[in-house]
Amino acid sequence: MPLILISNDDGITMEGIHRLVDAVSELGTVIVAAPDGPRSGGSSAISCNTMLMPKRIDDYNGAQMWSVNGTPADCVKLALNAIVDKQPDLVLAGINHGSNTGNSVIYSGTMGAVIEGCLQGIPSIGFSVCTHNPSAADFDACMPHVTEITRRVIERGLPDGVCLNVNFPKGGVVKGFRRARACRGRWTEEYAHYTSPEGKPFYIMTGKYENHEPEATDTDLYWNAHGYGSVVPVTPDLDYSGTLDIMNE
């Protein structure tokens, strides 16, 4: 049986990670190593000066459950070094409460776990549903697709150095799936300004995503808005060799 390692950035108690276990429990032996609380926006951060203490909690649907006082990337790294007794055949992350479309992949703790698995040479997939409201997340429509995508990657693998970023549309219906690219855009109005009772200013992250190519029909945002799941291949290799000639000049 394949060994499947699962993590997330919402925390080990969230519904999304339990539904991910449910979706793949028949495909292999599942071990979960996930943060002990929310770590959204953690990207690929690691804890350099923190004593990481994995804690075994009650199993869920046949899966070992390990709560870790660290980031999603910490969870994957620590699991590979101290929890599993062999290299997993697959790393999964999610199902995330909230989309990881466009350039959100840069900030996403979900994709931080996926990218860490990819860096370790393990086929890795991140799953997200396009709503940040936990009570509005309809995971039922996602489940058969999570199972099928995972099964295909177990059977066929992924290219070296490539992982997958999968986003499901909100609304409870998934019409199908499309290979997509990450939409180009940026976050704007990112911080709301407030004043504390003591008269001191403070800021809370908010913002909205500004789509720079709203007419494009091949992006993750386009397909999610039209009721389709999107599958975007992602690589942690940030070396853009296309600029080498310009740099040399």
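As shown above, the structure is provided for reference.
No experiment lies behind these values; they were computed from the predicted model shown. (Residues numbered from 1 in each chain as written. Predicted model: local features only at pLDDT ≥ 70, side-chain atom pairs only at ≥ 80, totals over all residues. Heavy atoms only, no water.)

Caption draft 1: A look at the nonpolar core. Ile6, Val24, Val32, Leu92, Phe127 and Val146 are the most contacted members of the largest nonpolar core, which totals 32 residues. Those elements that provide at least two residues to this core are strand E1 (3-7), helix H1 (15-24), strand E2 (29-35), strand E4 (63-68), strand E5 (90-97), strand E6 (124-129), helix H4 (143-156) and strand E7 (163-168). Discounting residues that sit within four places of it in the chain, valine 146 has contacts with Leu20, Ala23, Val24, Ile95, Phe127 and Phe168. Membership of the second largest hydrophobic core comes to 27 residues, among which are Leu3, Cys75, Ala79 and Val234. (Core = buried A, V, L, I, M, F, W, Y, C linked by side-chain atoms within 4.5 Å. Buried < 20%, exposed > 50% of the residue type's maximum accessible area, 1.4 Å probe, protein only. Helix = DSSP H or I, 4+ residues; strand = E, 2+ residues; numbered from the N terminus. Contact = heavy atoms within 4.5 Å.)

Caption draft 2: Looking closely at helix H3 (residues 109-119). With 10 of its 11 residues buried, H3 lies for the most part within the structure. For H3, the full list of buried residues reads Gly109, Thr110, Met111, Gly112, Ala113, Val114, Ile115, Glu116, Gly117 and Cys118. Among the structural elements, E1, helix H2 (72-83), E5, E6, E7 and strand E13 (229-234) are those in contact with the buried residues of H3. Looking at where H3 begins, the residue whose side-chain oxygen comes 3.1 Å from the main-chain nitrogen of threonine 110 is serine 108. Just past H3, the residue glycine 121 takes up positive phi, approximately 80°. (Polar contact = N/O pair within 3.5 Å; in protein donor to acceptor, adjacent residues only side chain to side chain.)

Caption draft 3: Representation of the layout of surface pockets within the structure. Size it by volume and the largest pocket reaches roughly 880 Å³. Ser99, Asn100, Ser104, His132 and Trp187 are the residues nearest the centre of the largest pocket, which is lined by 30 residues in total. Contributions of two or more residues to the lining of the largest pocket are made by E5, H3 and helix H5 (220-225). Element by element, the count of residues in the lining of the largest pocket is highest for H5, at three residues. Tallied by class, the residues present in the lining of the largest pocket amount to 11 nonpolar, 15 polar and four charged. (1 Å grid on protein atoms, 1.4 Å probe; cavity = no way out; pocket = protein on both sides within 12 Å on 5 of 7 lines; lining within 4 Å. Points joined across faces, edges and corners; volume = space filled by probe spheres on them. Nonpolar A, V, L, I, M, F, W, Y, C, P; charged D, E, K, R; others polar.)

Caption draft 4: Seen up close, the packing of aromatic side chains. If you walk through the whole model with that rule in mind, you get six aromatic pairs. Aromatic side chains tryptophan 223 and tyrosine 228 sit 5.2 Å apart centroid to centroid with 75° between the ring planes, which places their arrangement in the edge-to-face category. What makes tyrosine 228 buried here is its relative accessible area of 18%. Taken together, the ring pairs connect Phe127, Phe168 and Phe177 into an aromatic cluster. (Phe/Tyr/Trp six-rings, centres within 6.5 Å; stacked < 30°, edge-to-face > 60°.)

Caption draft 5: Summary view of the side chain of aspartate 10. The topology assignment puts aspartate 10 in the loop between E1 and H1. In this structure the side chain of aspartate 10 is engaged in a polar contact, spanning 3.4 Å, whose partner is the side chain of serine 40. From its side chain, aspartate 10 meets the backbone nitrogen of histidine 97 in a polar contact 3.0 Å long. Beyond its immediate chain neighbours, meaning those up to four positions away, aspartate 10 contacts Gly37, Pro38, Ser40, Ile95, Asn96 and His97.

Caption draft 6: Main features of the pattern of salt bridges. Under the criterion given, the structure shown has 12 salt bridges. Measuring nitrogen to oxygen at the nearest pair gives 2.5 Å for the salt bridge that ties aspartate 140 to arginine 19. One end of the pair, aspartate 140, is in the loop between E6 and H4; the other, arginine 19, is in helix H1, with 121 residues separating them in the sequence. Here arginine 151 ties to glutamate 148 by a salt bridge, and the two come within 2.5 Å at their closest N and O atoms. Here arginine 151 and its partner glutamate 148 are both found in helix H4, three residues apart, which amounts to about one turn of the helix. Taking the relative accessible area as the measure of exposure, arginine 151 reaches 29% and is therefore partly exposed. Given a relative accessible area of 28%, glutamate 148 falls into the partly exposed group. Each member of the salt-bridge network shares a partner with another, and the members are Glu148, Arg151, Arg152 and Glu155. (Salt bridge = Lys/Arg side-chain N within 4 Å of Asp/Glu carboxyl O.)

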